[in-house]
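Residue strings, one per chain:
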Amino acid sequence: MSKVCVFFAEGFEEIEALTVVDILRRGNIDVDMVSVTGEKSVTGSHKITVEMDKLLEEVDFEQTDMIVLPGGMPGTKGLEATEPLMEQVDAFYQKGKYIGAICAAPSIFGHRGILKGRTACSYPSFESHLEGADVSREPVTVSDNVITSRGMGTALPFALKLLELFAGKDAALNMKEAIVFH
C-alpha cells in the first residue's frame, strides 16, 4: 500500500492540507498528517487546530512514497525552515519519489533548485519564486515526480491528481463522481 505524508507547520492553509488528506483516505491511500512543530496539535492560518498523526521525527521516510507540502502563511515559511524536512524533500526528489506542493509551497521547490527545466504552478503572487520553471496557469502541473498546484481553489483537482497517481485514473474518476465534483 502506498504511503503519503502531509506536513503541517503553524499557519498552514487548512483547505489545501485537509482536502489532500480527506480525498486520499477516501481512496484508501495511507496518509499521515505530520507536525514539524514538535507538538501534535497544529493551528492553521484561519485558526483551525488539527491533531496530527505523527511528529516529524516519527516518520519512516523509507516507507513513505510521497511528501506533500500545503501552502498558507506562515505555514510555508515554517515548512521551509524545517531543515530535516528539507533534507527529505531533496532526497525524495533525487530518488525520483513524489513530492507535491500547493499554493505558496511550490516556492520551496523553486528555492531548492528542483524546478529548473520543469513546468510548475503556484499561487500567482509566488510565481516569481518558481526559479527556473516554465510557469503554468493550470490548476495542477505534473512534471515527472514533482506535482504543483495553485491554491485553495485547486485543492480538489490537486488531491484528485494525487489519488490518480497512486490508485489510477479510474479511482480518481470514481472519486470525482462520488464527491460530485465537475
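This is a predicted model, so every value here is computed, not measured. (Residues numbered from 1 in each chain as written. Predicted model: local features only at pLDDT ≥ 70, side-chain atom pairs only at ≥ 80, totals over all residues. Heavy atoms only, no water.)

(A) Geometry of unusual backbone geometry. The amide bond that connects Met73 to the next residue, Pro74, takes the cis arrangement and shows omega of 10°. In this structure, Pro74 sits in the loop between strand 6 (66-69) and helix 2 (75-80). (Helix = DSSP H or I, 4+ residues; strand = E, 2+ residues; numbered from the N terminus.)

(B) Representation of the sheet that holds strand 7 (residues 98-102) within the structure. Judged by pairing direction, the sheet is mixed, and its seven strands sit side by side in the order 5-2-1-6-7-11-10 without closing on themselves. In this open sheet, the two strands that pair with only one neighbour each are strand 5 (54-55) and strand 10 (140-143). In this sheet, strand 11 (residues 146-149) lies alongside strand 10 in antiparallel orientation, the contact comprising four bridges. Among the inter-strand pairings, Val140 is bridged to a residue of strand 11, identified as Ser149. The sheet contacts of helix 5 (residues 155-167) involve strand 1 (3-8), strand 6, strand 7, strand 10 and strand 11, and relative to strand 7 the element is tilted by about 170°. (Pairing = 2+ DSSP bridges. Contact = heavy atoms within 4.5 Å. Axes fitted to C-alpha atoms, helices over the stretch in contact; angles between N-to-C directions.)

(C) Structural view of the pattern of salt bridges. One pass over the structure, following the stated rule, counts 13 salt bridges. With its nearest N and O atoms 2.7 Å apart, the salt bridge here joins Asp90 to Arg112. On the criterion of sequence distance, the pair formed by Asp90 in helix 3 (residues 83-95) and Arg112 in the loop between helix 4 (106-111) and strand 8 (119-120) is long-range, its members being 22 residues apart. Where Glu164 meets Lys169, a salt bridge forms, and the shortest distance between an N and an O atom there is 3.8 Å. The exposure class assigned to Glu164 is partly exposed, which follows from its relative accessible area of 23%. Three or more residues joined by partner-sharing salt bridges are found here, namely Lys3, Asp30, Asp32 and Lys54. (Salt bridge = Lys/Arg side-chain N within 4 Å of Asp/Glu carboxyl O. Buried < 20%, exposed > 50% of the residue type's maximum accessible area, 1.4 Å probe, protein only.)

(D) Representation of the nonpolar core. Among the nonpolar cores identified, the biggest contains 29 residues, and Val4, Val6 and Phe8 are the most heavily contacted of them. Listing elements by their share of this core, those giving two or more residues are strand 1, helix 1 (14-26), strand 2 (30-35), strand 6 and helix 5. If you tally residues by element for this core, the top one is helix 5, at seven residues. Contact partners of Val4, with chain neighbours within four places excluded, come to Leu24, Ile29, Asp30, Val31, Asp32, Met66, Val68 and Phe166. If you look at the next biggest cluster of nonpolar residues, it comprises 26 residues, including Val89, Ile99, Ile108 and Ile114. (Core = buried A, V, L, I, M, F, W, Y, C linked by side-chain atoms within 4.5 Å.)

(E) Looking closely at the packing of aromatic side chains. Applying the stated rule across the entire model yields four aromatic pairs. Clustering of aromatic rings is evident, with ring pairs tying together Phe7, Phe61 and Phe92. Positioned over the ring face of Phe92 is Lys97, at 4.2 Å from the centre of the ring. (Phe/Tyr/Trp six-rings, centres within 6.5 Å; stacked < 30°, edge-to-face > 60°. Lys NZ or Arg CZ within 6 Å of the ring centre and 35° of its normal.)

(F) Highlighting the pairing of strand 6. With burial as the criterion, each face of strand 6 is covered, one bearing Met66 and Val68 and the other bearing Ile67 and Leu69. The pairing of strand 1 with strand 6 spans three bridges and is parallel. Across the sheet, residue Val4 finds its bridge partner in strand 6, namely Met66. As judged from the four bridges shared by strand 6 and strand 7, these two strands associate in the parallel manner. Across the sheet, the residue bridging to Met66 is Tyr98, located in strand 7.

(G) Inspection of the side chain of Thr82 at higher detail. Along the chain, Thr82 turns up in the loop between helix 2 and helix 3. For Thr82, a relative accessible area of 12% corresponds to the buried category. Separated by 2.8 Å, the side chain of Thr82 and the backbone oxygen of Gly78 make a polar contact. For Thr82, the contacting residues outside a window of four places in its chain are Val36 and Leu56. (Polar contact = N/O pair within 3.5 Å; in protein donor to acceptor, adjacent residues only side chain to side chain.)

All quantities given are derived from atomic positions and should not be read as evidence of function.
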